[in-house]
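Tertiary structure, described
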2 protein chains.
Amino acid sequence: MELKDIKSPDDIRNMSLEQLTDLAAQIRSALLSKLSKHGGHIGPNLGMVEAIIAMHYVFDTPRDQIVFDVSHQSYTHKMLTGRAQAFIDEEHYDDVTGYTNPDESPYDLFTIGHTSTSVSLATGLAKARDLKQGDWNVIAVIGDGSLSGGEAFEGLDNGAVLHSNFIVIVNDNDMSIAENHGGLYADLHLLRTTKGKADNNYFRSLGYAYRFVEKGNDLESLIRAFDDVKDYPNPVVVHIVTEKGHGYAPAVADKEHFHWGMPFNIETGQPIHADDEPDFSDFTYDILTDLKDKGSDIAVITAGTPTVSGFTADRRRLWGSRFIDVGIAEEQAAAMASGLAKNGVRPFWGVYSSFVQRAYDQISQDIAINKSPVVIAVFGASVFGMNDVTHLGWFDQSLLANIPNVVMLAPADKAEYESMVKWALSQTTYPVIIRVPGGPLKNLNIEVDEDYQDINTYKVIRSGHDIAIIAAGHMLGTALAAADVLEKEGMRPTVINPRYLSGIDEELLSSLSPDHRAVLTVEDALLDGGVGQKIASFYADRPMMVRNLGLPKVFLDRYDAHEVAMDAHLTVEGIVEQARNVFK
Amino acid sequence: MELKDIKSPDDIRNMSLEQLTDLAAQIRSALLSKLSKHGGHIGPNLGMVEAIIAMHYVFDTPRDQIVFDVSHQSYTHKMLTGRAQAFIDEEHYDDVTGYTNPDESPYDLFTIGHTSTSVSLATGLAKARDLKQGDWNVIAVIGDGSLSGGEAFEGLDNGAVLHSNFIVIVNDNDMSIAENHGGLYADLHLLRTTKGKADNNYFRSLGYAYRFVEKGNDLESLIRAFDDVKDYPNPVVVHIVTEKGHGYAPAVADKEHFHWGMPFNIETGQPIHADDEPDFSDFTYDILTDLKDKGSDIAVITAGTPTVSGFTADRRRLWGSRFIDVGIAEEQAAAMASGLAKNGVRPFWGVYSSFVQRAYDQISQDIAINKSPVVIAVFGASVFGMNDVTHLGWFDQSLLANIPNVVMLAPADKAEYESMVKWALSQTTYPVIIRVPGGPLKNLNIEVDEDYQDINTYKVIRSGHDIAIIAAGHMLGTALAAADVLEKEGMRPTVINPRYLSGIDEELLSSLSPDHRAVLTVEDALLDGGVGQKIASFYADRPMMVRNLGLPKVFLDRYDAHEVAMDAHLTVEGIVEQARNVFK
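Below: a short report on this structure.

Criteria and cut-off values
- Residues numbered from 1 in each chain as written.
- Chains lettered and ligands numbered in written order.
- Predicted model: local features only at pLDDT ≥ 70, side-chain atom pairs only at ≥ 80, totals over all residues.
- Heavy atoms only, no water.
- Salt bridge = Lys/Arg side-chain N within 4 Å of Asp/Glu carboxyl O.
- Helix = DSSP H or I, 4+ residues; strand = E, 2+ residues; numbered from the N terminus.
- Buried < 20%, exposed > 50% of the residue type's maximum accessible area, 1.4 Å probe, protein only.
- Polar contact = N/O pair within 3.5 Å; in protein donor to acceptor, adjacent residues only side chain to side chain.
- Contact = heavy atoms within 4.5 Å.
- Phe/Tyr/Trp six-rings, centres within 6.5 Å; stacked < 30°, edge-to-face > 60°.

**A closer look at the pattern of salt bridges**
All names here are of chain B.
- Under the counting rule described, the total for this entry stands at 68 salt bridges over all chains.
- Across the pair Arg316 and Glu179 runs a salt bridge whose closest N-O atoms are separated by 2.9 Å. Of this pair, Arg316 sits in helix 13 (residues 313–319) while Glu179 sits in the loop between strand 4 (166–172) and helix 8 (183–193), and the two are 137 residues apart along the sequence.
- Given a relative accessible area of 9%, Arg316 falls into the buried group.
- Classification of Glu179 as partly exposed rests on a relative accessible area of 29%.
- We note a salt bridge from Lys459 to Asp449, for which the minimum N-O separation is 2.5 Å. On the criterion of sequence distance, the pair formed by Lys459 in strand 14 (residues 459–462) and Asp449 in the loop between strand 13 (432–435) and strand 14 is long-range, its members being ten residues apart.

**Side note on the side chain of Asn180(A)**
All names here are of chain A.
- Residue position: Asn180 is located in the loop between strand 4 (166–172) and helix 8 (183–193).
- Look at Asn180 and you get buried, because its relative accessible area is 15%.
- At 2.9 Å, the side chain of Asn180 and the side chain of Asp144 are in polar contact.
- A distance of 3.4 Å separates a polar atom in the side chain of Asn180 from the backbone nitrogen of Ser176.
- Residues contacting Asn180, with those up to four places away along its chain left out, are Asp144, Gly145, Asp174, Met175 and Tyr185.

**A look at the packing of aromatic side chains**
- Counted according to the given criterion, the structure contains 40 aromatic pairs over all chains.
- Aromatic side chains Phe59(B) and Phe226(B) sit 6.1 Å apart centroid to centroid with 40 degrees between the ring planes, which places their arrangement in the tilted category. Note that Phe59(B) is positioned in the loop between helix 3 (49–58) and strand 2 (65–68) and Phe226(B) in helix 10 (residues 219–229), a separation of 167 residues in sequence. For the residue pair Phe59(B) and Phe226(B), the accessibility class agrees, reading buried in each case.
- Centroid distance Trp394(B) to Tyr559(B): 5.6 Å. Interplanar angle 65 degrees. Geometry classified as edge-to-face. Taken together, the residues Trp394(B) in the loop between strand 11 (375–379) and helix 17 (396–401) and Tyr559(B) in the loop between strand 18 (545–551) and helix 22 (561–567) connect sequence positions 165 residues apart.
- On the basis of relative accessible area, Trp394(B) is assigned to the buried category, the value being 0%.
- When its relative accessible area of 8% is taken as the criterion, Tyr559(B) is described as buried.
- Through a chain of ring-to-ring contacts, three or more aromatic side chains come together here, namely Phe153(A), Tyr202(A), Phe203(A), Tyr210(A), Phe153(B), Tyr202(B), Phe203(B) and Tyr210(B).

Written as structure tokens, this is what we have:
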């Protein structure tokens, strides 16, 4: 049977092992073809082809319910559940998202994109089934890398006491996005080397029955194991050993690089559009390395995404013990940073906007209340960042800037970013969060300070009258370009770099009053809770007109960034238009 | 030696076992005397007297560093480190906080009040020590109840790979705040019954050396165990079995009730000021039970604090499997709720304002993106809630109301709360978060709707002119009282109940324009990111004066609630004064 003719898992349930093996080959070929042209998660999908076929072969989906962790390995699942065309026909590649999505299919239970949630979500499904006295199987799939997240532990701890059917398939490919870190991984290694027979067994210690599958890319082994646990009346872990990138030599050889990728040459594995431009990640590495080489007592932390701060594998080796990967465990990253700071080391944590929210409580309690001088750099914090609904980059600012004691900075360009990072790591008064500018590395050629101790002081970049444009972070460049246009029309706007997102410069705002009638605020961030609304509140009982530009409170999925920016007036044209009509 | 003469742990390091035993008796007596008069954490402190004496006896504090989880068990530690007077002399009871506090003593490393953080914080201390090539001991103390939190797992997982001295003292009293829940606790039970000899060992599975102490309230056993692990060059867990409430029969007999308490009669254990007034917790239980009895397919969730929703031990038994305690694991509570909702059960999660922030990412991703109709009731969300810096109740609103898809409601009184809870559990369109009113159960005798589907519709409670007061939640009652005063002065303010915290009623706000020149917003919540700033932003380019009243972005500790409310004008007098002078 051809992959393209598969409409539902029913179509594979009568297949022979030989037919299933052929199907796996077709799926892997479709995956490689699409991924090499389109980009996406490569290694996680290649490694799970056989396991997902075996799951749908054995379990009675969609009656039996499967939850995929992160769901970045769910492409085979999509192909088997009526969506093969989106992997075969180039014109339909974008018919499906890169994650499970209930809007696409009843086989997809949740929209998922963050790590370590599948077991917890599945405990709810199973508990509801039990309350309704149902008898279907509930299956959570989770990778070894995701087990490092606290939510995965909380889910396992609770799943163990369901006293009913609850199947956790641990997809162990001995990799996270990068390599794994943590004591748990020594145990997984021990279990692999003893074929599941070691006494120290994390899963058994939590109360699970346990089944080990040595050949996690072998259909026959997988089907046998899943058949054994189907309808099992108690919580059970099936620990399958898979190979990340299985079936594609370049992906097996360089697992980190092929976790996710842009289009590549399928023969060589080389990216089609070479990305040699230095970016804020590389630049961050350079700044930090320079500081370390000059003797700064610095430690760099990541929660499983080392390259966000520019730390590729070779660079991690160069840094040795001063580079700390805590695994996918943002709470640990924040709290450990506070402990490091307490004992005089200068911690720098680089993290994506979408993931920093996993540590809100720790940033508030472990860092901010304790005034620990931790430095957090938030990357991808922009409408121009990742555009999957689970990975949006515009909620970090109002989340973090409104925590007391935190100084949150918005560098406008490369030079200001460098200066702010250096200052943040040189002082011990404040926890400092830096919102790394979106877009390419560039300089606006504005004057940049070395010291930011005098908090909440805005800076006038261009002096004018009637209207003041306060533009945060990389929007400053857009605002300056808009000011150029407006000047040609005879307006003379003042342009201000607020620099601080965690407070307003009341003195400067007050001083605008005689010469200005309107203030336009511009933020590449959620409007609610942002700087603009603070400024609107400040002026609210004074005769100053204020208009706030920023991003709306909506979850958008796979949006067109330019379109969203236009709608929010976060473009040169948008700012020009708003400045023109604010007095009308 | 008298307890009052102990200035530092040096004073106990030469004591004989007999002298230490006498000291323990003095400490326990001081604890009981202070706690019975002053209130505080009872069981946790009584259970740890001997262990903390033994720690300071064996370890070279403050060179050796101890981090206490939650730090609600640290009273003995405070007595031994120069602060005994605050436990002996009634006039000095309030010289110390109820938690560790670096402002009080160099023996206190962090201000801590949330659960499950000690191991993570200590990994940072230990890593910094290793980078600095120090050789002191780093010790994390954590209770069995706290082990259910994901951050504790993340800390243990990372602590295991330090390859250096790292001592985790697990204080196992077989209790959380209430009873424990989760597979881990079966393992702890097994370890207790086998005296640490069972093969299934959670700590060993993560890579720790392990030492079991059966008699965790016996100084000799503890000293021997701590002596053994002192300077141990690898991560080690010391599992000590203690008795919560040890030495005080009423606290041993009713461990849950004596976890934390107000002043009590030391002879009988009965509270001195009987608290028989029904409150929003009891009322919540009544509403939910009524719904369940009428056939609603409801499940009530708690993350280790069952009584917040009124679920005392006897009531939990009545509810059976429809009451779910996930342990102290807020991430699990949120994600499990989403899973329950997916399969048609109606989940209700009651949680304190200070703790709901531990699940921001899960509320955003697992619930809100998925539009799961989960109902979350946030208690203690007020300046009049808990007043320790680690337990503030005014940050929840801007945190949660600014998550897309979430409907956040602010009932003004008892009747509106009941109505909102019932509506929230009857619909399946929105995740609903209800900010339970602060203060006592009372009715304002306002008209209350049954249906809140028409989101972001404000309600005019009293119609007037010139000035409109928009007062959220229980501030509506304060605003109505202020309006009464203003009416006597000849003003006729409009009073509006916004009801929704997650959006504004643009139509109603626009309609205020002809007859009103000013709007006063009143919130018992952080100003930044609140409703007031949204309203200020809405009116910012229109000729309407707006003044926002709400709470400042500061961490206050053990503050006087009335004073803070006065400073923020959140009183009848404050609102009257602001309304009077807004036009000046």
